[in-house]
Amino acid sequence: DAGVIQSPRHEVTEMGQEVTLRCKPISGHDYLFWYRQTMMRGLELLIYFNNNVPIDDSGMPEDRFSAKMPNASFSTLKIQPSEPRDSAVYFCASSLTGQGYNEQFFGPGTRLTVL
Amino acid sequence: QKEVEQDPGPLSVPEGAIVSLNCTYSNSAFQYFMWYRQYSRKGPELLMYTYSSGNKEDGRFTAQVDKSSKYISLFIRDSQPSDSATYLCAMEDYKLSFGAGTTVTVRA
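A brief look at the structure comes next. (Residues numbered from 1 in each chain as written. Chains lettered and ligands numbered in written order. Predicted model: local features only at pLDDT ≥ 70, side-chain atom pairs only at ≥ 80, totals over all residues. Heavy atoms only, no water.)

### Digging into the packing of aromatic side chains
Both the distance between ring centres and the angle between the ring planes are used here to describe each pair of aromatic rings.
Right, so step 1: Under the definition given, this model contains 14 aromatic pairs over all chains.
Right, so step 2: Residues B:Tyr25 and B:Phe33 carry aromatic rings whose centres are separated by 5.3 Å and whose planes lie at 45 degrees to one another, so their mutual orientation is tilted. Both residues of the pair, B:Tyr25 and B:Phe33, belong to the buried class.
Right, so step 3: Between the aromatic rings of B:Tyr32 and B:Tyr49, the centroid separation amounts to 6.2 Å while the plane-to-plane angle is 55 degrees, which identifies the pairing as tilted. In this pair, B:Tyr32 sits in strand S4 (residues 32-38) while B:Tyr49 sits in strand S5 (residues 45-51), placing the two residues 17 residues apart along the sequence.
Right, so step 4: Classification of B:Tyr49 by relative accessible area gives partly exposed; the value is 30%.
Right, so step 5: These aromatic residues form a ring-pair network of at least three members: A:Tyr31, A:Phe33, A:Tyr35, A:Tyr48, A:Phe91, A:Phe106, B:Tyr36 and B:Phe98.
Right, so step 6: B:Lys56 extends its terminal NZ or CZ atom over the ring of B:Tyr49, reaching a point 4.1 Å from the ring centre. (Phe/Tyr/Trp six-rings, centres within 6.5 Å; stacked < 30°, edge-to-face > 60°. Buried < 20%, exposed > 50% of the residue type's maximum accessible area, 1.4 Å probe, protein only. Helix = DSSP H or I, 4+ residues; strand = E, 2+ residues; numbered from the N terminus. Lys NZ or Arg CZ within 6 Å of the ring centre and 35° of its normal.)

Below you can see the structure in the form of structure tokens.
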């Protein structure tokens, strides 16, 4: 299995531009998570989906952020307009429902720099 | 106050030393306690998890959970340079809450 796939791996953009981050979860996994990691705030959960339905978006910082999961194999996180304080590493993770603890598998991340 | 507190370090030890990492938390609803390892410019990967209180051992790694004190620990015995990474504790009620991560360097 290829694991969780994220694209692009690096993104440099200017303030005010729209940014779209993409994620392909592990095949068969029914949960998908978007996280943001910064030095100041660590790893924070932004939103998660179950069976393509958003369950909890309480971590989304503001209306400039939106996430979609149109099908079981694809999700996007969009920032519009982007701001310098959005610079961070954004991780996508997926997991499978089951008894006991359900391990989250993380992708390699997208390093976003907003100038 | 954050739900999960973890000293960010950094921590530098000689090869072969015991590495001791810990986290404290405030949410009594946490049931699963995890340690993730993150190499530079990579995503976190699960190292170990423990359900409720107790100890768990996996090779050179031992995880301990004390729910009465709201305190968890990770010990790495006979540390190797390949153990150099950031270690994040994480805890779950219905979602994961992560500590800040402790950066560990094992010197050859």
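There is more to say, and it comes next.
### Topic: the sheet that holds strand S8 (residues 74-79) of chain A
Residue and element names in this part refer to chain A.
Right, so step 1: Taking strand neighbours across the sheet as the criterion, the four strands line up as S1-S3-S8-S7 in an open arrangement whose pairing is antiparallel. Among the strands making up the open sheet, the edge pair consists of strand S1 (5-7) and strand S7 (65-71). Sheet twist, expressed as the average angle between the axes of neighbouring strands with direction ignored, equals 15 degrees.
Right, so step 2: Examined bridge by bridge, S7 and S8 share five bridges and lie antiparallel to one another. Within S8, the position partnered with asparagine 71 by the bridge is phenylalanine 74. (Pairing = 2+ DSSP bridges. Axes fitted to C-alpha atoms, helices over the stretch in contact; angles between N-to-C directions.)

### Focus: the nonpolar core
One broad rule of soluble globular proteins: the nonpolar side chains tend to lie buried together.
Right, so step 1: Grouped together as the largest cluster of nonpolar side chains are 23 residues, with contacts concentrated most on B:Trp35, B:Ile72, B:Leu74, B:Tyr87 and B:Met91.
Right, so step 2: Contributing elements (two or more residues each) for this core: strand S3 (19-25), S4, S5, strand S7 (61-66), strand S8 (71-76), strand S9 (85-92) and strand S11 (102-107) of chain B.
Right, so step 3: Residues A:Phe49, A:Ala67, A:Ala88 and A:Val114 belong to the second largest nonpolar core, which totals 21 residues. (Core = buried A, V, L, I, M, F, W, Y, C linked by side-chain atoms within 4.5 Å.)

### Some remarks on the interface of chain A and chain B
Right, so step 1: Facing the 20 residues of chain A at the interface are 17 residues of chain B.
Right, so step 2: Interface area for chain A against chain B, summed over the two sides, is near 1,500 Å², with a carbon-plus-sulfur share of 54%.
Right, so step 3: Counting the surface chain A buries against chain B, the share from its top three residues, A:Leu43, A:Tyr101 and A:Phe106, is 39%.
Right, so step 4: Linking chain A with chain B are one salt bridge, by the criterion used here.
Right, so step 5: Of the charged contacts in the structure, one is a salt bridge between B:Lys95 and A:Asp56, with a shortest N-O distance of 3.7 Å.
Right, so step 6: Remark: the boundary between chain A and chain B carries two residue pairs in polar contact (both at pLDDT 80 or more).
Right, so step 7: Listing elements by their share of the side of chain A that touches chain B, those giving two or more residues are strand S4 (31-38) and strand S5 (42-50) of chain A. (Contact = heavy atoms within 4.5 Å. Buried area = accessible area lost by both parts, 1.4 Å probe. Salt bridge = Lys/Arg side-chain N within 4 Å of Asp/Glu carboxyl O. Polar contact = N/O pair within 3.5 Å; in protein donor to acceptor, adjacent residues only side chain to side chain.)

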